[in-house]
Amino acid sequence: MSGALDSHAVPVLLSPSALQHRAADPDTRARETEAQMDDDERFSLLYSLMVRVFGKAEREPRVPAEVPAVAGYVPGVQRLGIPALLLADASLGLRHTGGPDDGATALPCGLAMGATFHPQLVQQAGKLVGKEGQARGFNVLLGGGINLVREVRGGRNFEYISEDPLLSGLMGAAMTAGMQQEQVIAVLKHVSLNASETNKFFLDAVIDPAAHRESDLLAFQIAMERSEPGAMMGAYNLVNGAYACGSRVLLQETIKDAMGFKGWLMSDWLAVYHWDFALHGLDQHSGAQLDAQEWFNGPLRQAYEAGLVPKARISEMVRRMLRSYYAVGIDQPPPAEAVDWQAHHATALQLAREGLVLLKNENAVLPLAAKAQRIAVIGGWAQTGVLSGDGSSQVMPVGGYAASLPLRSHPLLGPTTMRFFGPSPLAELRKLLPEAELVFDSGAQVADALAVAKGADVVIVFAVRHEGERFDSPDMALPFGQDALIEALAQAHPHVVVVLETGNPVVMPWHDKVQAIVQAWFPGQAGAQAIAEVLTGAVNPSGRLPISFPVNVEQTPHPALPGADVELGTPIKVHYHEGAEVGYRWFAQQGRQPLFGFGHGLSYTDFSYSDFHVSGGETVSVVFTVTNTGACEGSDVPQLYLTDAAGAPRMRLLGFERISLQSGASARVSLTADPRLLARFHSESGHWHIEAGIYRVALARSACAPECSAEIALRAREFGH
Ligand code: BGC
């Protein structure tokens, strides 16, 4: 039996020398333990085995029978107290490992968490995932994903946080800190530029290295510095000509040497192409059986024995791993604790509430008026549940799915399935509106939907789009004829509310004709309740868009989906010509107006900003007052942007604060910018530079809605990291 598994059942007896070790710092302990290991033990740590390989009936025989079907297993070294690793997917809660009883708390998707702009709450989510992982004996959790959203059709965007390095970095830090507080190792993923799914194994992401540091890598750096994830995972794609998991520039020179990452770097599953990736900075080969060879098993050992790999490098790989084991404390897991499912559900609910974004609300059609007697609820499987995203982040809630609908089967990519979490929005609305008559129609036939809508006081249309890992959406449209359905209802009825369960922005050709639009994302197991509460006004919406919603794909830096025009397996280059000007930064640079800007989100109350003071010098600091001037309690997310730097336009989110206020109440908010957001990265020097000059900042409701601005002088500054 492995160390990690039996340590839950049997208290670990520690020798006096082991007890002494506890007090030592993780680096010293890692060095001392590694020095006692023999080469067989060292190499046994350098690759993980997938417990159940896709398409194979039998389990991997090298994995102990009691280990559930997690993504990866690494044996321990019992004589040295090194625990086995059980690596489980956990971006949005614990991934289902196949057993009927291994349900877990299904959190709202990453974009919904991003939309909360509430790192403290996301940290609570990290803690709950950590607790559930701990209870199952999993000690390495593969999440969260913080790739920046660059591609508006990206199949995994729902799993990530945002298009902004600061927001994604802070949320990644919060998720990591929460998990690691529970003594499980968090794995931030995927460095870097895994921005789309189509042909991702053969896609070379080409980017200016300085722009890369100012965008995607800055998100990882912020998260890493704040919460020291035990490990990070490389991406599938190539970056500037080298596979991400074998790129010396990316892994060794940037993440380890320049950014100072202390943990270990693992590959993604099926992302290693040679043993020499170990020489370029990769420390562990994940799911080794998936690749053409178990590179870090036999071939790396042979290369080492042939003198092609220095012993010091193998020792370093092991030391990095052990350092994280000790720093997070997975060698001494806490006593087993029963999971408090109710408390975890409450966190999932709060996240869903804070992550819903009210995009539009004309004539205050929402919250639903108490006098609305007859309400038509149409489409989107609203009678069944709320949609979830597909792929390795899929969580099965305790008790199972409300419905699973196989959608398509791709000969190379496998099947995709639409999975719904119960309860249904229809049931939750009925609970909150016991006096009203709610009539439902699936929307399958427009004529039936129109008949149901006729005579209703208000029409709520739910629209869904299935999205997930391994496939991008071909365009920005809603599938299943839902645009035509909404259009027809909007023509026929003056009070139409649209609720979108999507993992990306969609085109909204009907957006002028409907009265309200709620972006509900994939809202997790408590999503239906949160939707019903927001629609009825039991909860005041407070989510803000963590990504820009373009009018159409032509407005984005990549109107054509990269890789869609070639055979799967054809090497392609994608030039991320927008560089660090991702999302709202791109819109600002191009002078374009999105349909809804980054940071946008409405409330049932109003907020005003006053007494805005700015100070400069080394960085920008601001203070201001937020007042709830409306009639009900609510939460606001004031945002601070850089708009001009030393005379040139440059848009950067510098800070934000989520703040809850009673009607009439005020609060003073202070924000200080991370100087890197005011600087440019210079590849030649490897330093950040702030140019002396006048900097303009704006206090804003969204990237497109500045409220007030001010200018301030900054001194010239150059700094590392
Ligand atoms: C995904 C990773 C995931 C891994 C293990 C890969 O396909 O890209 O995010 O952690 O599988 O399931």
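Residues numbered from 1 in each chain as written. Predicted model: local features only at pLDDT ≥ 70, side-chain atom pairs only at ≥ 80, totals over all residues. Heavy atoms only, no water.

What about the sheet that holds strand β21 (residues 621-628)?
Moving on, step 1. With antiparallel pairing, three strands are arranged side by side in an open sheet as β20-β21-β26. The sheet is open, and its two edges are formed by β20 (607-615) and β26 (666-672), each paired on a single side. Averaged over all pairs of adjacent strands, the angle between strand axes in this sheet comes to 20 degrees, irrespective of strand direction.
Moving on, step 2. The pairing of β20 with β21 spans seven bridges and is antiparallel. Counterpart to Phe 607 in the pairing with β21 is Asn 628. (Pairing = 2+ DSSP bridges. Helix = DSSP H or I, 4+ residues; strand = E, 2+ residues; numbered from the N terminus. Axes fitted to C-alpha atoms, helices over the stretch in contact; angles between N-to-C directions.)

Brief notes about the site of the ligand
Moving on, step 1. Close to the ligand lie 13 residues; Asp 89, Arg 156, His 190, Tyr 236 and Asp 268 are nearest.
Moving on, step 2. Contact between the ligand and Lys 189: an oxygen atom at 2.9 Å from a side-chain N or O atom of the residue.
Moving on, step 3. With the chains in place, 93% of the 310 Å² that the ligand exposes on its own is no longer accessible.
Moving on, step 4. Class assignment for the residues of the shell around the ligand results in five nonpolar, two polar and six charged. (Near = heavy atom within 4 Å. Polar contact = N/O pair within 3.5 Å; in protein donor to acceptor, adjacent residues only side chain to side chain. Areas by Shrake-Rupley, 256 points an atom, 1.4 Å probe, with all protein chains shown as cover. Nonpolar A, V, L, I, M, F, W, Y, C, P; charged D, E, K, R; others polar.)

Description of the domain arrangement of the protein chain
Moving on, step 1. Considered domain by domain, the protein chain is made up of domain 1 (21-328), domain 2 (356-539) and domain 3 (605-719).
Moving on, step 2. Each of domain 1 and domain 2 was reduced to a C-alpha centroid, and the two centroids are 35 Å apart.
Moving on, step 3. Tallying the contact residues gives 33 residues for domain 1 and 31 residues for domain 2.
Moving on, step 4. When domain 1 packs against domain 2, close to 2,300 Å² is buried across both sides, 58% of that on carbon and sulfur atoms.
Moving on, step 5. Linking domain 1 with domain 2 are one salt bridge, by the criterion used here.
Moving on, step 6. Arg 156 is paired through a salt bridge with Glu 469; the nearest N and O atoms lie 3.2 Å apart.
Moving on, step 7. At the boundary of domain 1 with domain 2, the tally comes to 14 residue pairs in polar contact (both at pLDDT 80 or more).
Moving on, step 8. Sort the elements by how many residues they give to the side of domain 1 that touches domain 2 and helix α5 (residues 110-115) lands first, with three residues.
Moving on, step 9. Taken together, the residues of the side of domain 1 that touches domain 2 break down into 13 nonpolar, eleven polar and nine charged. (Domains from an automatic or database assignment. Contact = heavy atoms within 4.5 Å. Buried area = accessible area lost by both parts, 1.4 Å probe. Salt bridge = Lys/Arg side-chain N within 4 Å of Asp/Glu carboxyl O.)

Digging into the pattern of salt bridges
Moving on, step 1. Inspection of the entire model under this criterion finds 49 salt bridges.
Moving on, step 2. Among the salt bridges present, the one from Glu 533 reaches Arg 353, with a minimum N-O distance of 2.6 Å. Placement of the pair is Glu 533 in helix α17 (residues 527-536) and Arg 353 in helix α13 (residues 341-355), with a sequence separation of 180 residues. Taken individually, Glu 533 and Arg 353 each receive the classification buried, so the pair is uniform in this respect.
Moving on, step 3. A salt bridge links Arg 652 to Glu 581, with the shortest nitrogen-to-oxygen separation between them at 3.0 Å. Within this pair, whereas Arg 652 is found in strand β24 (residues 648-656), its partner Glu 581 is found in the loop between β19 (572-575) and α18 (584-590), the two being separated by 71 residues in sequence.
Moving on, step 4. For Glu 581, a relative accessible area of 10% gives the class buried. (Buried < 20%, exposed > 50% of the residue type's maximum accessible area, 1.4 Å probe, protein only.)

Quick word on helix α11 (residues 298-305)
Moving on, step 1. Taken residue by residue, α11 has Pro 299, Leu 300, Ala 303 and Tyr 304 as its buried positions. Mapping the buried residues of α11 onto a view down its axis gives an arc of 140 degrees, with all of them on the same face. Exposed residues lying more than 90 degrees from the buried face of α11 are Gln 302 and Glu 305.
Moving on, step 2. The secondary structure elements touched by the buried residues of α11 are α4 (39-44) and α12 (311-328). (Arc of directions from axis to C-beta.)

Considering the pairing of strand β4 (residues 185-191)
Moving on, step 1. Burial analysis of β4 places seven of its seven residues in the buried class, the great majority of the element.
Moving on, step 2. Two strands pair when backbone bridges link them, and strand β3 (residues 140-142) and β4 are joined in this way by two bridges, in the parallel orientation. From the neighbouring strand, Val 140 faces β4, where its bridge partner is Ile 185.
Moving on, step 3. With helix α7 (residues 165-181) bridging β3 and its parallel neighbour β4, the resulting β-α-β unit is right-handed.
Moving on, step 4. Two strands pair when backbone bridges link them, and β4 and strand β6 (residues 231-234) are joined in this way by three bridges, in the parallel orientation. In the sheet register, Val 191 faces β6, and the bridge partner there is Gly 234. (Right-handed = clockwise from strand over helix to strand, strands pointing away.)

Here we look at helix α3 (residues 26-35)
An α-helical turn contains 3.6 residues, so a residue and the one three or four places further along point in the same direction.
Moving on, step 1. The set of residues buried in α3 consists of Thr 28, Arg 29, Ala 30, Thr 33 and Glu 34.
Moving on, step 2. The residue sitting at the N-terminus of α3 and contributing the capping side-chain oxygen is Asp 25; that oxygen lies 2.9 Å from the backbone nitrogen of Asp 27.

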